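# Chain and residue survey
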Amino acid sequence: MSEPATPLAAAAADYAEWLRVARRASPHTVEATRRDLSRFLETASERGVTSPEKVDVHLVRAFVARRRKLGMAAVSVQRELSSVRSFFRHLCRHGQASVNPAADVRAPKSVRKLPGTFEKDALAGALDHSEGQAMHPRDHAIAELFYSCGLRLAELQSLTVGQFDAGFTEVRVTGKGSKTRIVPVGGKAREALQAWLATTAAATGPLFRGRRGAALSRSAIALGLKRWAAAAGLAGRVHPHRFRHAFATHLLEESADLRAVQELLGHANLTTTQIYTHLDFERLATVYDAAHPRAEAKKRL
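Bringing the confidence of the model for the protein into the picture now. Keep in mind that low pLDDT regions are not for reading the predicted coordinates in detail. Confidence in the prediction for the protein averages 84 pLDDT; 83% of positions are at 70 or higher. Here helix H14 (residues 293–300) is the element of the protein with the lowest mean pLDDT, 52, and helix H1 (residues 7–21) is the one with the highest, 96. Note that pLDDT drops below 50 for residues 297–301; the model gives that stretch one contact with residues more than four away or on any other chain.

Set out below in structure tokens:
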């Protein structure tokens, strides 16, 4: 017989269920929260803390220090601390705790790496090479749609024909947090989709399906992209999220409109979109010289 749950563990389980039912968080988010809180509960148990009211800032700091000592990456510890902070914020709102002990605990800083992307010409060349070639039309359509719409893997996996308008010029996407956005579909992607639809009866159900009619798994989509890249001559590491990076990077290079790209990507926070602004200094200097009212004056000196 297992030991009865402590009040703190029971509160954590209730919070995860609240996320699932009341907030309709994705299964991935709920499971990640459960994992994060279970690690925090281990630290609390080792120190004899069994109720929310007994958790203080020193325990939360000890948890963060322990995770760093175990070699956890700063970004992982940031996520875990965020889960603990959100958990106690929920308890405070529902009268189960009087203070949030994680509110003022600082997360370890991390160096945010720029996402890998494809060179614009290389990717365009590979996509153009795919047209009319003897390769799976489904793989080509997936590649075109990833790049045309900047979709997440889970978003593409769950697509149905019903999410597109009549002319396949727009697609309604449900992203993280069940937030819906409308994304334009480029002409090349429309052509590739029509070529794929001509080979399958996908009027209802998953747009990208396997032989038995079920939606392709994430691993099958990733494998199909690698197969497509090899046939199209696209070098480098190929994975679904890299197409999303390319979508964002190439749009920003041409428009520099962060807000628009934020909407297209479905980012809740603009700072998330800013990681794609890795424009080189020469381009920035050119924009400065062309736009700043004192730049031209400096040149005339």
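So much for the structure itself; the text now carries on.
This paragraph deals with the pattern of salt bridges. Opposite charge on two side chains allows them to pair when their charged atoms are near. Taken as a whole, this structure holds twelve salt bridges when the rule is applied. Salt-bridge contacts for Glu17 lead to Arg20; the nearest nitrogen and oxygen are separated by 2.5 Å. Taken together, the positions of Glu17 and Arg20, both in helix H1 and three residues apart, correspond to about one turn of that helix. A relative accessible area of 31% means that Glu17 is categorised as partly exposed. When the shortest N-O distance is used, the salt bridge between Glu155 and Arg152 registers 2.6 Å. Exposure class is identical for Glu155 and Arg152. Each is buried. Salt bridges here are not isolated pairs; linked through shared partners, they connect Asp36, Arg39, Arg67, Arg79 and Glu80.

Moving on, we get to the packing of helix H2 (residues 27–46) against helix H4 (residues 74–93). Two packed helices can be described by the angle between their axes and the distance between those axes. In the contact formed by H2 and H4, the axes pass within 9 Å of each other and the chain directions differ by 90 degrees. One finds that H2 runs roughly perpendicular with respect to H4. Residues Thr33, Asp36, Leu37, Arg39 and Phe40 of H2 form the contact with H4, whose own contacting residues are Arg79, Glu80, Ser83, Val84, Phe87 and Phe88. Looking at the contact of H2 with H4 residue by residue, the classes come out as five nonpolar, two polar and four charged.

This part is about unusual backbone geometry. With the exception of glycine, most residues fall at negative phi, and the peptide bonds are largely trans. Positive phi values are uncommon outside glycine, yet Arg24 reaches one of about 55 degrees. Checked against the element boundaries, Arg24 lands in the loop between H1 and H2. The backbone phi angle of Phe168 is positive, close to 60 degrees, even though this residue is not glycine.

For helix H3 (residues 57–69), which comprises 13 residues, the first-to-last C-alpha distance of 18 Å matches the rise-based estimate of 18 Å (1.5 Å per residue) to within 8%. Those residues of H3 lying buried are Leu59, Val60, Ala62, Phe63, Val64 and Arg67. A side-chain oxygen of the first residue of H3 lies 3.2 Å from the backbone nitrogen of His58; this N-cap is Asp56. Backbone geometry just after H3 places Gly71 at a positive phi near 90 degrees.

Leu145, Leu207, Phe208, Trp228 and Phe243 are the most contacted members of the largest nonpolar core, which has 44 residues in total. Secondary-structure elements contributing two or more residues to this core are helix H5 (120–130), helix H6 (137–149), strand E1 (170–174), helix H8 (187–197), helix H9 (218–232), helix H10 (240–255) and helix H11 (258–265). Setting aside residues up to four positions removed in sequence, Phe243 forms contacts with Phe118, Leu123, Ala143, Phe146, Tyr147, Leu225, Trp228 and Val238. One finds Leu8, Ala44, Val84 and Val105 within the second-largest nonpolar core, a separate group that totals 25 residues.

Here we take up the packing of aromatic side chains. Within the structure shown, the criterion is met by ten aromatic pairs. Here the aromatic rings of Phe40 and Phe88 are separated by 6.2 Å at their centres, their planes lie at 85 degrees, and the arrangement is edge-to-face. Linking Phe40 in helix H2 with Phe88 in helix H4, this pair joins segments that are 48 residues apart in sequence. Both residues of the pair, Phe40 and Phe88, count as buried. Between Phe164 and Phe168, the aromatic rings sit 5.1 Å apart at their centres with planes inclined by 35 degrees, giving tilted as the arrangement. For the pair Phe164 and Phe168, one class covers both residues: buried. Among the aromatic residues, those joined into a cluster by ring pairs are Tyr15, Trp18, Phe40, Phe63, Phe87 and Phe88. Here the basic side chain of Arg242 rests over the ring of Phe118, its NZ or CZ set 4.7 Å away from the ring centre.

All right, on to the packing of H1 against H2 then. At a minimum axis distance of 10 Å, the contact between H1 and H2 shows a crossing angle of 170 degrees. With respect to H2, the element H1 is oriented roughly antiparallel. Residues Leu8, Ala9, Ala12, Tyr15, Ala16, Glu17, Leu19 and Arg20 of H1 pack against Val30, Thr33, Arg34, Leu37, Leu41 and Ala44 of H2. The residue makeup of the contact of H1 with H2, split by class, is ten nonpolar, one polar and three charged.

What follows deals with the pairing of strand E2 (residues 180–184). Residues Arg181 and Val183 point to one face of E2 and are all buried, whereas Thr180, Ile182 and Pro184, pointing to the other face, are not buried. Pairing between E1 and E2: five bridges, direction antiparallel. By the bridge assignment for E2, Arg172 is matched with Ile182. Connecting E1 to the next strand, E2, in antiparallel fashion are five residues, including Gly177 with a positive phi near 70 degrees.

Rules used in this analysis
- Residues numbered from 1 in each chain as written.
- Predicted model: local features only at pLDDT ≥ 70, side-chain atom pairs only at ≥ 80, totals over all residues.
- Heavy atoms only, no water.
- pLDDT = per-residue confidence, 0-100.
- Helix = DSSP H or I, 4+ residues; strand = E, 2+ residues; numbered from the N terminus.
- Contact = heavy atoms within 4.5 Å.
- Salt bridge = Lys/Arg side-chain N within 4 Å of Asp/Glu carboxyl O.
- Buried < 20%, exposed > 50% of the residue type's maximum accessible area, 1.4 Å probe, protein only.
- Axes fitted to C-alpha atoms, helices over the stretch in contact; angles between N-to-C directions.
- Parallel < 35°, antiparallel > 145°, perpendicular 65-115°, else oblique.
- Nonpolar A, V, L, I, M, F, W, Y, C, P; charged D, E, K, R; others polar.
- Expected span 1.5 Å × (residues − 1).
- Polar contact = N/O pair within 3.5 Å; in protein donor to acceptor, adjacent residues only side chain to side chain.
- Core = buried A, V, L, I, M, F, W, Y, C linked by side-chain atoms within 4.5 Å.
- Phe/Tyr/Trp six-rings, centres within 6.5 Å; stacked < 30°, edge-to-face > 60°.
- Lys NZ or Arg CZ within 6 Å of the ring centre and 35° of its normal.
- Pairing = 2+ DSSP bridges.

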